[in-house]
Amino acid sequence: MIINKLLFICVFLHISIVDTSHFRGGTITWYPLNNKPSGNTVVIQIRQRWAWRLSAALCNHLIIASKHLIGDPSVLSCISGNCNYWSNTLTTQTYCTDFSTNVDVSYGEKYDTRTIPIGVQFSIAFSSCCWFVSLVIGAGSPWNVVTRINTIIRPDGYINSSPSAAIMPLIYKQVNIQHTHVIQMVDPDASDILRCRWASVAGNVNSYNECGGVCSGIPGATLITNNCTLIFTLTRPSIYAAVALQIEDYYNETSSIPMSSVPVQFLFYGYTPISTCITPPNLISNRPDPECVDTSVGSTVTERFTVHVLCANKVIVDFVTSSPLGMTKSAIRSPSLGIYEIDFNWVPATSQRGSQSLCIGAVDNTNIQSNQLCTTYLVDFEAPSFIRNSARPVEYNYDVLLNSYILGTKPISRPSSGKGGEIHFFDATLNKLVESFKSTSQSDVKYSEFEIFIKFKKAPWIIGHSYYVKLDAVVAIASGSASCLPGTTAINDSKFWRFNIWDPSVTLVTTESSHLSTKSSLENVDDTTATTDSMQSLPPSSCHKREIQFDPDGSSLSKPINFLYNEDIHINSKVILNCTSRFSITIFWTIITCSPTCSQLTQITFSFEPSKMELFIPAYSLLNGIYELKFTLTVIEISTWSLLSSVYIKIFRSTIITNLLSFTAINITHEYKQKLILNPGKYSIDFSTIEFNTSNWYYTYYCRIYSKFNHRHYESLDDSNHTSCFSTNITNLLEYNDSLKSALTIFPEFLKLKEIYHFMVRIVNRRNSSLQSIGYLIVQIEHIQSPTITINCVISTMCSPNLYFYYVNPSTQFALFSFPTDNHTAIENIQWNVYKGLMNSSNNIMEWTSIESSWFLGVHTENLTILKDFFNENVQITQWRFEVIYIFQNESCQTTFDIEINEAPKNGFCSIHPQNGTTMTVFTINCVNWFDRDEIRDMTIYSQKNDSSKLLMLAQTIELSIQLRLPIGLNQQILVHIQDTFSCITEYTLSSISVLSDMDVPMNMSNPLIQLLSNTDNQNTIIQIITSLSETLNEMNDDIIRKADLVNDVQFQASILSSLTQTTNELSRKALLVASTKCQQLAHHLRTISTQLSFENVQFTATHIAECAINVVTSINAPLQSRANVLDLDMIDIGEILDHCRIKDNCDWINPINKKLFASSVSERLNNQSNIRFPSNLINSNKSVLIRKVIQPLASADDFRSLSNTNLSRAFSLSIINQNGSDLKILTNVNDSIEFFIPRDPNMKIPSKFLQNVLINRKRKLVFNYHLIHFTQLNSNLSYSIHFEMYPLNSNLSYLLIYKFNDRPHLDAFDGLKFFCPQDLNQNEFHMHFIDNTKTSGHYSIIYGIRELTVTETNEFCFNDTFISERLSIINIPMTFSANYELLVYQSACCYLDKNHNWQSDGLIVGPLTNHYETQCLSTHLSIDSDQLGVTPKN
């Protein structure tokens, strides 16, 4: 017994129990394990550091060594942004790294990794309660610690890393003295600009309360944001002050939106000195520069700190530290009086790459703390390096050369004094040092963004000699505002930077081109420039004329040349130099992004292929925006000078998809003997309208031959004599269909066999020439012997041609259809295959790998559907290939369809202000910094209540800022959909908003209508005003519907209608008529444009239209079935009708009204709750089907409404549609039926249990106690099941139930029996017997007999595995009951609404799993078309 108790205590001690009132701050930081984008996802490492009160989160040396977790077992939850990509499973417990018994604090750290899609951002928070009570501000309040994760690719092409800060959890400061405290900020992206700010309640990048109850925790404190310096005075001794900061990194000084935001929360403790000597101990490091230390994974780091105690009779008793995981410390030593030492040792692990910090402070025996020292370790930091090909001079140069420079991979700055290296120039011919330059020299070495510029006072060169340059380590450091920045590595390779001094006596080779030609091109993603070098000899003289000409020309930053995103860019340059002396030149093209100023070098992801002086940029290479193409010509002659000139271009995406064929093909094989018809005027798509207007555009056609692709330019077909595509005059071989040239016909046998043609058409708007679009088609000419297969998108607007791929959104369901060109050939089989594409980096070839998934539908049909969940599961894959194979009787044919995933909008965030309000509050939603290469089209705002999965559309705007009023609801989620031109969506979740009713807020009395309504008692005036307003609003809505050309308009109106009709008991007949008309108009309009909309958009709109229709039907049925009051307006409108019907005695539908009002807003919940199981022949058929189901909260009344009991019933509608859009017949039988579970109406109350007091006359002996139940079925079309529930008051007793229809049962004559044994009691402690509706049909009553079994009878029938009916004779003896019991009996029915609008039960069976909350229905109909399936309970 003692051993067990000891073991229990041992186990208990290993469990960390946290008193949540003892939180002491912490931080959350993160960084990508690979900051170079690769694929669609990135693995990020998240680091948590938390501090607790030691007595609440126990830590000691044993716990540190055994790596036990301490702290609050909560999770990091996503609170705003793209929360779909975060699962709330990351716990907040950490491994203890240090503790201090003197200041009662424990400290822990933990690293976790998560895979996140590239291009998203969201905020996660550690929120709990509570801070401890000894705080100046926020005593006992909740804490919030929030960080912003952002995987959007930075302008420099990398993935961002968050900044971090070196802090101690608890710092002692003397009260009533002003203190200055610096928080050391570090960022792995060394060039970032770091700023810190106070954490705030609202209006921040996290859209959340960042500080809980400790916002502005130090009264009167001042924060200097650029270096994170706190200036403050503590005024209350023995009380803590909480500091809550956010450190944020910005790309450059002009950036207004932070790339990330990390929390820093810690404590100051105010003390009053208790001794006369109050000088704090002095802490020093053994390093000359303790702030910044470079190290690597696996290396050993050793630190020694020394403390000088400057007061007599004081000793160092402890060190408060914040250290990396795995760092160990020695015991405190005192080598001499007043001197104390402590050592730290650490070997960085792989998971600790990046910045790690150690902060330390010494505490003496009077609780006075020393100065704080913080050391930041840059573990395997990516320091800036130098670009080899950027160094100048190179090649041959004159001996008068004075200037040299080289570019870095990142912005660089001058190192601080005493830390910088030197730059050395060597004479390779003599093998000796020429001159060295100190990087700290202000006069000789200059730094400018990416460049180091070195200037010689006097040229030291020798004609004909070769030279090279070496650079020491740390000749430059990364630019940035962090306190610790990495430096460049040494370059000792003599081949890295070499150049020659030209000897004029040596003849140089002259270039053959009449223009200045190019020699080499740079193809390096890290190098943002392309350079070309050449050398030319000319007669000796000086240059008089210097000019650069461009074609096209005439551009400026304010008037750039427009190019479409899918258009090749050709910039021809011509250099005119009138020189009479020999010279050398260097050509230097630079592409600069202008946003808005032209200052950012553009990341190059394509290869420059310069031809002569031409700059060629392939289509799809540059994203939307304005660029400066800077041409730098450097001429070296008697002196060195440069000539600069620029071309400004603007890249934009068109809202038009220009299709040349009836399907969105970009690559086809065409029969040589058939004419080719290109018809962009008919088949193009305009995203801004429903139909493309052919007559609004001019059309120009171009051509080039694939085998001559080195000739990049397309040539116009209008130039009939100079088209390289055709060898003869084309005047009589082409035909345009109209003067606009909206279609082009090329006659048979004109295009060459086996040739591949590239056709391009440019369309220009006739009224606005800036509206343009380009479409492409690749045509291979062949003799086609076999049927060819064509693949196309079901929704043409969902597939935008993108060179050799189709552009497809991953946020929507994707559907393809295929067909053979020869419709007369019998198809024996169809097979779809799906492949993922991955680029082989060694040979730059796309490799395709087959993949299978349950998200594919119709793999053996003409149509293939890919559910959007498939793309969500494979976000790292951007290229996909879909192959279809048609098997004919004697051959097989196949074709492929390649897609590229459209990247969703990224880079931005949204905020809402205020956080809470009323229905009259104007909320402001701002979305900033969003980027998409296809441009942002609009944003849509939705509301989602916590108890619903339904989205309510609130607003849609092309502006990324909007003011709106929100619907009533507590903790409702506000979702923002940011949508690009091609409907790709990023969903951004704002923080939960609570909106209360505004009934108590005074009205705006300045409105004349409100004044009139509030100041009159005249009923006629009130009715006239309201009627006038209603008619005006109806007319406005009619006009809106007529103009509803865009999907968002239809969605918005459908969403509003479904919401306005939710409260069905408040709808008058006139309102119902208006609502039904509007729903019908929207349904018709949706059908018109459905082939242009995504599945999700159609589904959203159709669902809301269906809900509107359900609400209208329910509202009509509710009064008819005594479920709602008839509204006063209706009573007035139909007064004459009522009088007439009373005269005619035909008013059976006017029944006494049930005062319990009925509302149908539960329809959405019902549709989510219903379950269906289909027959095996459908499940195993491999058919693609569409299933539509709707539940009406109130079943429609039929002609027998007083007999059918539909006033407490649901109506369930089901449609099963095949791939051709026809109703599908389902074969069923009794053993393989369709099964439905339909929730009951909550207003239908199951009757209470009825006590059977069988003990009232204990002297009376009975064989059975009988119960009669009448179920006269007034409607002969319906049949009901019976549910018998018995609740024994003594659960140890056994019973026998026996029954007979229409007569009393006895052991010789009964229709059924059942034994109720104690072991058969269900979890609700009752016995149940069920009789389905097929057995009750045709009967009018049932009599139950219940007998309490004796001990002998119980043993015989409850514990005997074999039942022998002859043994029933032993229970034919009268007995007395020993305990009372309770009974509950109710009925259920399943029925369908036939074509004559009458409810029927034939072919439907109530299932045995029916209970108080739902009904199980089994259908054995041979087919189900459009009939309704209802559930009708009867008590």
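What counts, and where the lines are drawn
Residues numbered from 1 in each chain as written. Predicted model: local features only at pLDDT ≥ 70, side-chain atom pairs only at ≥ 80, totals over all residues. Heavy atoms only, no water. 1 Å grid on protein atoms, 1.4 Å probe; cavity = no way out; pocket = protein on both sides within 12 Å on 5 of 7 lines; lining within 4 Å. Points joined across faces, edges and corners; volume = space filled by probe spheres on them. Helix = DSSP H or I, 4+ residues; strand = E, 2+ residues; numbered from the N terminus. Disulfide = S-S within 2.5 Å. Buried < 20%, exposed > 50% of the residue type's maximum accessible area, 1.4 Å probe, protein only. Pairing = 2+ DSSP bridges. Axes fitted to C-alpha atoms, helices over the stretch in contact; angles between N-to-C directions. Contact = heavy atoms within 4.5 Å. Salt bridge = Lys/Arg side-chain N within 4 Å of Asp/Glu carboxyl O. Phe/Tyr/Trp six-rings, centres within 6.5 Å; stacked < 30°, edge-to-face > 60°. Lys NZ or Arg CZ within 6 Å of the ring centre and 35° of its normal. pLDDT = per-residue confidence, 0-100.

### Describing empty space enclosed by the protein
Piece 1. Going through the model one piece at a time under the given rule, you end up with 10 cavities of 30 Å³ or more.
Piece 2. Roughly 230 Å³ of internal volume is contained in the largest cavity.
Piece 3. Sorting the residues of the lining of the largest cavity by element identifies strand S46 (656–657), strand S55 (772–782) and strand S57 (800–802) as the ones contributing at least two each.
Piece 4. It is S55 that provides the largest number of residues to the lining of the largest cavity, a total of 4 residues.

### Here's the deal with the state of the cysteines
Piece 1. Counted by the stated rule, this structure contains 10 disulfides.
Piece 2. The disulfide bridge from Cys-910 ends at Cys-927, spanning 2.1 Å between sulfur atoms. Between Cys-910 and Cys-927, the disulfide has an S-S torsion of 115 degrees and is therefore right-handed. One end of the pair, Cys-910, is in strand S66 (residues 909–913); the other, Cys-927, is in strand S68 (residues 923–928), with 17 residues separating them in the sequence.
Piece 3. Between the sulfur atoms of Cys-1390 and its disulfide mate Cys-1417 the distance is 2.0 Å. In this structure, the disulfide formed by Cys-1390 and Cys-1417 twists by about -80 degrees around the S-S bond and is classed as left-handed. With Cys-1390 in strand S87 (residues 1390–1393) and Cys-1417 in strand S90 (residues 1414–1419), the pair connects residues that are 27 residues apart, well separated along the chain. This pair shows no difference in class: Cys-1390 is buried, exactly as Cys-1417 is.
Piece 4. Looking at Cys-1391, it has no disulfide partner, and the nearest cysteine sulfur is the one in Cys-1390, 7.4 Å off.
Piece 5. Cys-1391 gets classed as buried once you look at its relative accessible area, which sits at 1%.

### Some points on the sheet that holds S66
Piece 1. Spatially, 3 strands are ordered S66-S68-S71 in an open sheet, and the strand pairing comes out antiparallel. Pairing within the sheet leaves two strands with one partner each, and these edge strands are S66 and strand S71 (961–964). Each strand axis lies, on average, 15 degrees off the axis of its neighbour in the sheet, ignoring direction.
Piece 2. One ladder, built from 4 bridges, connects S68 with S71; its direction is antiparallel. Note on S71: the bridge partner recorded for Phe-923 is Leu-964.

### Quick look at helix H16 (residues 1351–1358)
Helical periodicity: at 3.6 residues per turn, an α-helix aligns residues three or four positions apart in one direction.
Piece 1. Listed as buried for H16 are Glu-1353, Thr-1354, Glu-1356, Phe-1357 and Cys-1358.
Piece 2. In this structure, the buried residues of H16 make contact with strand S83 (1312–1316) and strand S85 (1341–1348).

### Notes on the side chain of Gln-1400
Piece 1. Note on placement: Gln-1400 falls in strand S88 (residues 1399–1400).
Piece 2. Those residues in contact with Gln-1400 that lie beyond four places of it in its chain are Asn-1277, Leu-1278, Cys-1390, Cys-1391, Tyr-1392 and Asp-1394.

### Looking at the sheet that holds strand S25 (residues 354–364)
The strands making up a sheet associate through backbone hydrogen bonding, with each pair oriented either parallel or antiparallel.
Piece 1. Read from one edge to the other, the open sheet built from 4 strands follows the order S19-S26-S25-S21, with strand pairing classed as mixed. Looking along the sheet, the strands with just one partner apiece sit at the ends: strand S19 (292–295) and strand S21 (316–322). Averaged over all neighbouring strand pairs, the angle between strand axes comes to 25 degrees, with direction disregarded.

### With respect to the pairing of S55
Piece 1. Within S55, 9 of the 11 residues are buried, leaving the element largely enclosed by the surrounding structure.
Piece 2. Bridge count between strand S47 (residues 667–671) and S55: 5 bridges; the pairing is parallel. Paired with His-670 across the strands is Ile-781, a residue of S55.
Piece 3. With 9 bridges joining them, strand S54 (residues 756–765) and S55 adopt antiparallel strand pairing. Looking across to S55, one finds that Val-764 is bridged to Gln-772.
Piece 4. Adjacent in sequence and paired antiparallel, S54 and S55 are bridged by 6 residues.

### Regarding the pattern of salt bridges
Piece 1. Counted by the stated rule, this structure contains 24 salt bridges.
Piece 2. Salt-bridge contacts for Asp-112 lead to Lys-110; the nearest nitrogen and oxygen are separated by 3.7 Å.
Piece 3. For the salt bridge of Arg-762 with Glu-567, the shortest nitrogen-to-oxygen distance reads 2.4 Å. One end of the pair, Arg-762, is in strand S54; the other, Glu-567, is in the loop between strand S39 (561–564) and strand S40 (569–579), and 195 residues separate them in sequence.
Piece 4. Judged by relative accessible area, which is 16%, Arg-762 ranks as buried.
Piece 5. One network of salt bridges, with partners in common, ties together Arg-304, Arg-333, Glu-341 and Asp-343.

### Details of unusual backbone geometry
Piece 1. Cis geometry is found at the peptide bond from Asp-551 to Pro-552, where omega equals 5 degrees.
Piece 2. Within the fold, Pro-552 resides in the loop between strand S38 (543–551) and S39.
Piece 3. Cis rather than trans, the peptide bond between His-913 and Pro-914 has omega equal to -5 degrees.
Piece 4. Positionally, Pro-914 belongs in the loop between S66 and strand S67 (916–918).
Piece 5. The phi torsion at Asn-313 lies on the positive side, around 65 degrees, for a residue other than glycine.
Piece 6. Mapped onto the elements of the fold, Asn-313 is located in the loop between strand S20 (301–308) and S21.
Piece 7. Classification of Asn-313 by relative accessible area gives exposed; the value is 75%.

### A look at the pairing of strand S16 (residues 240–250)
Piece 1. For S16, the tally of buried residues reaches 11 of 11 residues, placing the bulk of the element in the interior.
Piece 2. Pairing between strand S13 (residues 193–198) and S16: 6 bridges, direction antiparallel. In the sheet register, Leu-194 faces S16, and the bridge partner there is Asp-249.
Piece 3. Sheet topology note: the S16/strand S17 (residues 260–271) ladder contains 10 bridges and is antiparallel. What sits directly across from Ile-247, in S17, is Val-262.

### Re the environment of Leu-1255
Piece 1. Relative to the elements of secondary structure, Leu-1255 occurs in the loop between strand S79 (1250–1252) and strand S80 (1265–1270).
Piece 2. A sequence separation of 122 residues divides Leu-1255 from Phe-1377, and the C-alpha atoms of the two residues are 6.5 Å apart.
Piece 3. Setting aside its immediate chain neighbours within four residues, Leu-1255 contacts Phe-1377, Ser-1378, Ala-1379 and Asn-1380.

### A look at the packing of aromatic side chains
Piece 1. The full count for this structure, using the stated rule, is 51 aromatic pairs.
Piece 2. Considering the side-chain rings of Phe-426 and Tyr-468, the 5.1 Å spacing of their centres and the 10 degrees angle between planes classify their relative orientation as stacked. Of this pair, Phe-426 sits in strand S30 (residues 422–427) while Tyr-468 sits in strand S34 (residues 466–471), placing them 42 residues apart in sequence. Here Phe-426 and Tyr-468 have matching classes, each one buried.
Piece 3. One aromatic cluster is present, formed by Phe-425, Phe-437, Phe-456, Trp-461, Tyr-467, Trp-497 and Phe-499 through successive ring pairs.
Piece 4. Taking NZ or CZ as reference, Arg-195 lies 4.3 Å from the ring centre of Tyr-250, over its face.
Piece 5. The ring of Tyr-736 carries the charged tip of Lys-741 above its face, separated from the ring centre by 4.9 Å.

### Regarding the confidence of the model for the protein
Piece 1. Counting all residues, the mean pLDDT for the protein is 77, and 78% of those residues have values of 70 or more.
Piece 2. Residue range residues 1–20 is modelled with pLDDT below 50. Its contacts to residues more than four positions away, or to other chains, number 18 contacts.
Piece 3. Note that residues 1041–1045 has pLDDT below 50 and, in this model, 11 contacts with residues that lie over four places away or in other chains.

### Focus on the environment of Glu-755
Piece 1. The topology assignment puts Glu-755 in the loop between strand S53 (744–746) and S54.
Piece 2. A relative accessible area of 18% means that Glu-755 is categorised as buried.

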